[in-house]
Protein chains: 2
Amino acid sequence: MESRLTIGQLAKSTETKAVTIRYYERARLMSPATRTAGGYRLYTARERDRLIFIKHARQLGLSLEDVKALLGLADDEEAPCDRVDEIIHVQLARVRERLKHLRQLEQELDRLERCCHGDKIADCQIIESLSRAHGP
Amino acid sequence: MESRLTIGQLAKSTETKAVTIRYYERARLMSPATRTAGGYRLYTARERDRLIFIKHARQLGLSLEDVKALLGLADDEEAPCDRVDEIIHVQLARVRERLKHLRQLEQELDRLERCCHGDKIADCQIIESLSRAHGP
DNA sequence: GCTTGACCCTATAGCCACTAGAACCTTCAT
DNA sequence: ATGAAGGTTCTAGTGGCTATAGGGTCAAGC
């Protein structure tokens, strides 16, 4: 029983938006869907799986470029998976980089939040602090 | 001794780029600079301070919109600084939100990185894992 | 005065990953 | 037959710059 989904059904069942799915088609992450006589897109379970793959990879913060690469790799069962490892590895490094940065931000913002004891701008330590060139 | 800076000198002395400074002018964060007869922008120390303020606020991850608001507030010495506090507070909350998210990403990517023991795509646990709908 | 080369100007388009809106067409239940 | 819900394409916008093209200006040295 191949029940085919309209774009709206696919969207709902994967928690994506229809516009996004169309965007993925234009961006060549999804291949062009088959159409009804009236031009509506119809999707198979396979295509749904592919969209889930994309979604999952996106949730890991991977760029569409990376996702495209992974999809290409996933299609070739015999290829070595070094490249897959590398993509994940690079992404992990990026995430750790951003974590480091965000943790610094958090500290600085926290410090700023605590330091405001004025009630007028003239006494506001936050404005004061932003006005000077700074060390952390 | 009012030594005025060209845009390039201002850029260098604040570690910004000239294009960015022009962009800030168009975006109304910097007011239009005075010009030489030939049309070159010239900046005063005051304007340099303003740019440093912007830069610092941007480094805290604030949007240009927020920075614009802060600049407006900073100009009114008598105004109460509740709004300043709020901007910083909201930003801190955003940063903490993103930290939470990134920490989850880190875990998931780390798990993926460890789990790949195949050498062909067919056995690759990463691809495998991306293919299914997931819980963390 | 003239040339050189570093610097500056504007305007336009591109980046990423969507999102919004307009104007129209299809499907399906009643 | 009608009307609502959902689909279609197309264009333009988001943020915060960055890149490129095609020119003009400035200061120093000759």
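Notes on the structure follow. What you see is a predicted model; the values in this text were computed from it and never measured. (Residues numbered from 1 in each chain as written. Chains lettered and ligands numbered in written order. Predicted model: local features only at pLDDT ≥ 70, side-chain atom pairs only at ≥ 80, totals over all residues. Heavy atoms only, no water.)

**Quick look at the relation of the copies chain A and chain B**
Phase 1 of the analysis: Structural alignment of chain A on chain B gives an RMSD of 0.1 Å, achieved by rotating through 180° and translating 0.0 Å along the axis. Seen this way, the second copy is the image of the first under a two-fold rotation axis. Minimal C-alpha separation from the rotation axis in chain A is found for Leu99 of chain A, amounting to 3.3 Å. (Least-squares fit on C-alpha atoms with pLDDT ≥ 70 in both.)

**Focus: the packing of helix H4 (residues 64-74) of chain A against helix H5 (residues 82-115) of chain A**
Residues and elements named next belong to chain A.
Phase 1 of the analysis: Contact geometry of H4 with H5 gives a least axis separation of 10 Å together with a crossing angle of 155°. Comparing their axes, H5 and H4 come out roughly antiparallel. Remark: the crossing between H4 and H5 carries left-handed chirality. Seen from H4, the contacting residues are Asp66, Ala69, Leu70 and Leu73; seen from H5, they are Arg83, Val84, Ile87 and Arg94. (Axes fitted to C-alpha atoms, helices over the stretch in contact; angles between N-to-C directions. Helix = DSSP H or I, 4+ residues; strand = E, 2+ residues; numbered from the N terminus. Parallel < 35°, antiparallel > 145°, perpendicular 65-115°, else oblique. Left-handed = near helix turned anticlockwise from the far one by under 90°. Contact = heavy atoms within 4.5 Å.)

**What about the protein's contact with DNA strand D?**
Phase 1 of the analysis: Inspection of the region around DNA strand D gives 19 residues, with Gly8, Arg22 and Tyr40 of chain A together with Tyr24 and Tyr40 of chain B positioned closest.
Phase 2 of the analysis: Sugar and phosphate atoms form 75% of the subset of DNA strand D atoms that lie within 4 Å of the protein.
Phase 3 of the analysis: Between DNA strand D and Gly8 of chain A, the relevant distance is 2.4 Å, taken from a phosphate oxygen to a main-chain nitrogen or oxygen of the residue.
Phase 4 of the analysis: Between DNA strand D and the protein, one listed contact pairs a phosphate oxygen with a backbone N or O atom of Gly38 of chain B at 3.2 Å.
Phase 5 of the analysis: Secondary-structure elements contributing two or more residues to the surface near DNA strand D are helix H1 (7-14) of chain A together with helix H2 (18-26) of chain B.
Phase 6 of the analysis: For the surface near DNA strand D, a count of residues per class yields 6 nonpolar, 8 polar and 5 charged. (Near = heavy atom within 4 Å. Polar contact = N/O pair within 3.5 Å; in protein donor to acceptor, adjacent residues only side chain to side chain. Nonpolar A, V, L, I, M, F, W, Y, C, P; charged D, E, K, R; others polar.)

The analysis is restricted to geometry; functional conclusions fall outside its scope.
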